[in-house]
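# Commentary on secondary and tertiary structure
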Amino acid sequence: MNDMENMPLEEMEETQAETQAGEETTAEKADKKKKDKKVDIKKTLESLLNTEKKLEEVQKELDSTKDSFQRTLAEYDNYRKRTAKEKTENFNLGKIQAVTNLLPVLDTLEFALNAPCQDESYKKGIEMVMTQAMNAFSNMGVEQIEAVGKEFDPNFHAAVMQEASEEFESGFVTKELQKGYKMGDKVIRPSTVVVAQ
């Protein structure tokens, strides 16, 4: 303060002006800092909004990819099931074709078995072959269609004639002329039958 008292008036005014200028500069700096902070906050908000938009786009793309993946997975699962089903059906069709080709042999064995024969060992041999054939068919899931005494069913029986019968009611099978066979629900050959009037 002693220095200020000894200062001439002009110097004091200059010093005060410099001090005020320094204060103004400090105030300007503070204002500038406030403005810079506002600009920084605005830029940060814009950046956050852009990031949020990009995140939404990425989420949509992820959802689309996930949906596409799930559809592809479902299509593959359906393809796998369809292929397995077709494989089973083709295998069964092959078995049915083989059985169909062997049925005339089985019919011939049955005729031979029912034919009169003097040679018992020959007849026993035919019985053994017939038993083996029926066991082989059974192992493949082939079974005879029941006919005699059953009600006529066009799904399993093929009627070639009708006859009067005291033993069976009308609409029931009285005789089986040729045996029928099925594999599961699939009829390989219907039974050829005579039906009561």
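Residues numbered from 1 in each chain as written. Predicted model: local features only at pLDDT ≥ 70, side-chain atom pairs only at ≥ 80, totals over all residues. Heavy atoms only, no water.

## Considering the sheet that holds strand E2 (residues 157-163)
Reading across the sheet, the three strands line up as E2-E6-E3 and stay open at both edges, with mixed pairing between neighbours. Edge positions in the sheet fall to E2 and strand E3 (173-178), since each has one partner strand and no second. For this sheet the average axis-to-axis angle between neighbouring strands, irrespective of direction, equals 30°. Sheet topology places E3 next to strand E6 (residues 191-196); four bridges connect them, and they run antiparallel. (Pairing = 2+ DSSP bridges. Helix = DSSP H or I, 4+ residues; strand = E, 2+ residues; numbered from the N terminus. Axes fitted to C-alpha atoms, helices over the stretch in contact; angles between N-to-C directions.)

## Notes on a negative patch on the surface
There is a patch of like negative charges on the surface, built from Glu-52, Glu-56, Glu-57 and Glu-61. Mapped onto the elements of the fold, Glu-61 is located in helix H2 (residues 9-114). Accessibility expressed as a relative area gives 57% for Glu-61, which makes it exposed. (Patch = residues over 30% accessible without salt bridge, like charges linked within 9 Å, V, L, I, M, F, W, Y side chains within 5 Å. Areas by Shrake-Rupley, 256 points an atom, 1.4 Å probe, with all protein chains shown as cover. Salt bridge = Lys/Arg side-chain N within 4 Å of Asp/Glu carboxyl O. Lys, Arg positive; Asp, Glu negative; His and termini not counted. Charge placed at Lys NZ, Arg CZ, Asp CG, Glu CD. Buried < 20%, exposed > 50% of the residue type's maximum accessible area, 1.4 Å probe, protein only.)

## Quick notes on helix H3 (residues 120-139)
With 20 residues, H3 should reach 28 Å at 1.5 Å per residue; the first-to-last C-alpha distance of 28 Å fits that figure. Within the sequence span of H3, burial applies to Ile-126, Met-130, Ala-133 and Phe-137. Viewed end-on, H3 has its buried residues packed into an arc of 60°, placing them on one side of the element. Facing away from the buried side of H3 by over 90 degrees, the exposed positions are Glu-120, Ser-121, Gln-132 and Asn-139. (Expected span 1.5 Å × (residues − 1). Arc of directions from axis to C-beta.)

Purely geometric numbers; function is a separate question.
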